[in-house]
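Chain and residue survey
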Amino acid sequence: MRSTESRQLPFAFAASPRGGGEAGPEDGSTGWDFLLRIAKARDAKDFVAPATDGCSLLERVASPSNLAEALLHVARNRGAPGVDEQSVEEVVEASPRLLPRLQRDLLSGSYRPGEILRVWIPKPGSRDRRALGIPNVVDRWVQEALRRELERVFEPGFHPSSHGFRSGRGPRTALAEVSEYVSAGYDWIVSLDLSKFFDRVNHQRLLARLAHQVEDGRVLQLIHQILCASVVMPTGERIVPDQGTPQGGPLSPLLSNVVLDELDWELDRRGLRFVRYADDLQVFVRSERSAGRVFEGLVRFVEGRLRLKVNREKSLVTRPEGAHILGFCLHVKEGGEVEIHLSRKAKANMDAMIRALTPRTWGQSLAACIEQVNEYLQGWLGYFQFCPVEEVRLFQRFDAHIRRRIRAIVIRQKKRDRFLYRHLRSRGVSSGAAAKAAFSHRGIWARSNSYGLNKAYPNAWFSERLVSLAAEWPRRAARTMASGQLSLFG
């Protein structure tokens, strides 16, 4: 990477996104209504620019209907503002004048991506941090428009054992294929960890792979500009990357699949059974000796041909019970039946997230704390809904731990024992139970499980406000949960 000085964005948003500039639609509809109307009117001739040459891919990317649908998708995903501090709502509201302007700039070649905001987020259960790059909302809009059209080009040629970031595929189909291989006797697993994959993608190799199926050089040039957009570090320093695809933009997942599709078909050529989800690769063989040989061969190919780096410390050869596959491990029962369970790492990550979401130093209301916990638990349940019924006990433990931590927050927020006593009394706790909980010499954690706190904040109180994993899981997993009922495309 090389440093660069700050520069003005060639594609400025607007000094006043809610006023001035070109007028919006005459009927006075909001930006959201405008986008919905344009998305449905695929023949919106008022905005369609003629093709400049025989290659029409960029014209499809910049078509009004595609741009409208792309911004609607970005808006539904919400997300934080980028360097320009323009919110998703502001861009949507300004879309009646921004859409035709963005279309003109894309087709004329005058569009330039803005700077990318680098943020660091913690990895659950680890002291490491993951780097994210947050593009401006307008740039996310362009990337989503590109992704929609490029996906139509590349999706049919992707390997069927690739499951990450693909329509109609995901963790469920990946786990189904994993179960199929393990139950067939391929129960030695080569788990390959690609070190900082998204930061190490070689730009020239990626563009060369894209050029195999993308004839429109304007699209390739646009992607190259996106890859080389300067990154604003937390210190304010600006860096121009010479490799990598920043995580955080809509286009990055598709580009990662384009890069690793070469690896998929090499594994297929070698006759190996594998499952890949983004940069998470598992290869299945019948013996430990074969696993060792496959691992060394993969390292040579990945580091020599793809110019990526294998993390040998995190890569391993293991059996199903010791694997960490998308947060799950496998238990092989007698008769070859395969059960899917949460992995040790997934459990540790959940415990770490519970601690992070319910800190004792929480300074806002309990309602705000519960709201953010609920948001996380809903997403967690959507992902880990494939566990067998035996995991309900684990879900009950998570539920109880969250409730207790919230009770501990109550104790800490009252600050003084007499304030806690009055609070417990106001919630119907007897004088003796309130005094025992409030004036005890025990610590906050011990008192959070006292009779007085449980009386003031019973499980019934939480059931009306807090998502319960144990209660919600049966409803989520009713159709897909039972062991042996996962189907590859069902």
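See the structure printed just above.
Residues numbered from 1 in each chain as written. Predicted model: local features only at pLDDT ≥ 70, side-chain atom pairs only at ≥ 80, totals over all residues. Heavy atoms only, no water.

**A word on the packing of helix α6 (residues 137-154) against helix α11 (residues 252-269)**
Across the interface, α6 lies against α11 with an axial gap of 9 Å and an inter-helix angle of 30°. Relative to α11, α6 is oriented roughly parallel. Crossing handedness for the pair α6 and α11: left-handed. Contact residues: Gln143, Arg147, Leu150, Glu151 and Phe154 in α6; Ser252, Leu254 and Val258 in α11. When grouped by side-chain class, the residues that make up the contact of α6 with α11 number 4 nonpolar, 2 polar and 2 charged. (Axes fitted to C-alpha atoms, helices over the stretch in contact; angles between N-to-C directions. Helix = DSSP H or I, 4+ residues; strand = E, 2+ residues; numbered from the N terminus. Parallel < 35°, antiparallel > 145°, perpendicular 65-115°, else oblique. Left-handed = near helix turned anticlockwise from the far one by under 90°. Contact = heavy atoms within 4.5 Å. Nonpolar A, V, L, I, M, F, W, Y, C, P; charged D, E, K, R; others polar.)

**Examining the pairing of strand β2 (residues 116-122)**
The pairing of β2 with strand β5 (residues 231-232) spans 2 bridges and is parallel. Bridge pairing in β5 links isoleucine 116 to valine 231. Here β2 pairs with strand β3 (residues 129-134) via 6 bridges, running antiparallel. Bridge pairing in β3 places proline 122 opposite arginine 129. (Pairing = 2+ DSSP bridges.)

**Observations concerning the pattern of salt bridges**
The final tally for this structure, using the stated rule, is 23 salt bridges. Its salt-bridge partner being glutamate 115, residue arginine 238 comes within 2.7 Å of it at the nearest N-O pair. Of this pair, arginine 238 sits in strand β6 (residues 238-240) while glutamate 115 sits in the loop between α5 (95-108) and β2, and the two are 123 residues apart along the sequence. For lysine 309, the salt bridge goes to glutamate 303, with nearest N and O atoms at 4.0 Å. Accessibility expressed as a relative area gives 41% for lysine 309, which makes it partly exposed. Bridged by salt links that share partners, the residues Glu59, Asp216 and Arg218 form one connected network. (Salt bridge = Lys/Arg side-chain N within 4 Å of Asp/Glu carboxyl O. Buried < 20%, exposed > 50% of the residue type's maximum accessible area, 1.4 Å probe, protein only.)

**Observations concerning the packing of aromatic side chains**
Note on aromatic pairs: each is described by the distance of the centres and the angle between the planes. Enumeration over the complete set of coordinates arrives at 13 aromatic pairs. Seen from their ring centres, tryptophan 380 and phenylalanine 384 are 4.7 Å apart, and the 35° between their planes marks the pair as tilted. For tryptophan 380, a relative accessible area of 6% corresponds to the buried category. Measuring from ring centre to ring centre gives 4.8 Å for tyrosine 383 and phenylalanine 384, while their planes differ by 75°; the resulting arrangement is edge-to-face. An aromatic cluster is built from Phe328, Trp380, Tyr383, Phe384, Phe395, Phe398 and Trp473, whose rings are joined through pairwise contacts. Above the plane of the ring of tryptophan 120 lies arginine 118, whose end atom (NZ or CZ) is 5.7 Å from the centre. Seen from the ring of tyrosine 457, arginine 427 lies directly overhead, with NZ or CZ sitting 4.3 Å from the centre. (Phe/Tyr/Trp six-rings, centres within 6.5 Å; stacked < 30°, edge-to-face > 60°. Lys NZ or Arg CZ within 6 Å of the ring centre and 35° of its normal.)

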